Amino acid sequence: AGVHRQILFTTVGWFVGYYLAKRMDYIHAKVDRELFEYVRQHPEDFKAAEKKRIGELLEDFHPVR
């Protein structure tokens with residue numbers, strides 16, 4: 001293939017990738033906005049959990065010999 005085709009395909013690929021990345025960002029932002037709005041309207045479904053210390057989260061360490 002000629003150099004002009006490689007430049008053309010590279011340019012087209014860059015623009016398609018740029019468009020797809022922007023569309024993906026838009027879709028994810030839209031979903032995030034809808035989820036945050038739902039959480040804001042229904043606080044009783046999303047109560048804050050009590051804070052635990054790191055020792056309560058980890059299991060006891062028992063070395064294997």
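Structure shown above.
Right, let's walk through the structure included here. What you are looking at is a predicted structure, and each value in this text was computed from that prediction instead of being measured.

A word on the overall build of the protein. Looking only at helices and strands, one finds 2 helices and 0 strands in the protein. Against the compact-globule benchmark of 11 Å for 65 residues, the protein has a radius of gyration of 25 Å, which places it well outside the compact range. Seen through its principal axes, the protein has C-alpha atoms that stretch 65 × 50 × 10 Å. Out of the 65 residues belonging to the protein, those deemed buried represent 0%. As displayed, the protein has an accessible area near 7,000 Å², and 61% of this comes from carbon and sulfur atoms. Of the charged side chains in the protein, 11 are positive and 10 negative, and the gap between their average positions amounts to 9 Å.

A few words now on the pattern of salt bridges. Scanning the model with the defined rule gives 1 salt bridge in all. Residues Arg 40 and Glu 37 are paired through a salt bridge, measuring 2.6 Å at the closest nitrogen-oxygen approach. Of this pair, Arg 40 and Glu 37 are both found in helix α1 (residues 3-41), 3 residues apart, which corresponds to roughly one turn of the helix. For Arg 40, a relative accessible area of 57% puts it in the exposed group. For Glu 37, a relative accessible area of 31% translates into the label partly exposed.

Before going further, it helps to examine the packing of aromatic side chains. Counting across every chain of the model gives 3 aromatic pairs. For the pair Trp 14 and Phe 15, a centre-to-centre distance of 5.1 Å together with 85° between the ring planes defines the contact as edge-to-face. The class of Trp 14 is exposed, set by a relative accessible area of 53%. Ring geometry for Trp 14 against Tyr 18: centres 5.4 Å apart, planes inclined by 10°, an arrangement best described as stacked. Here the residue Trp 14 and the residue Tyr 18 both occupy positions in helix α1, the gap between them amounting to 4 residues, near one helical turn. Residue classification places Tyr 18 among the partly exposed residues on the basis of a relative accessible area of 44%.

The rules behind these values
- Residues numbered from 1 in each chain as written.
- Predicted model: local features only at pLDDT ≥ 70, side-chain atom pairs only at ≥ 80, totals over all residues.
- Heavy atoms only, no water.
- Helix = DSSP H or I, 4+ residues; strand = E, 2+ residues; numbered from the N terminus.
- Rg over C-alpha atoms; globule rule 2.2 N^0.38 Å.
- Buried < 20%, exposed > 50% of the residue type's maximum accessible area, 1.4 Å probe, protein only.
- Areas by Shrake-Rupley, 256 points an atom, 1.4 Å probe, with all protein chains shown as cover.
- Lys, Arg positive; Asp, Glu negative; His and termini not counted.
- Charge placed at Lys NZ, Arg CZ, Asp CG, Glu CD.
- Salt bridge = Lys/Arg side-chain N within 4 Å of Asp/Glu carboxyl O.
- Phe/Tyr/Trp six-rings, centres within 6.5 Å; stacked < 30°, edge-to-face > 60°.

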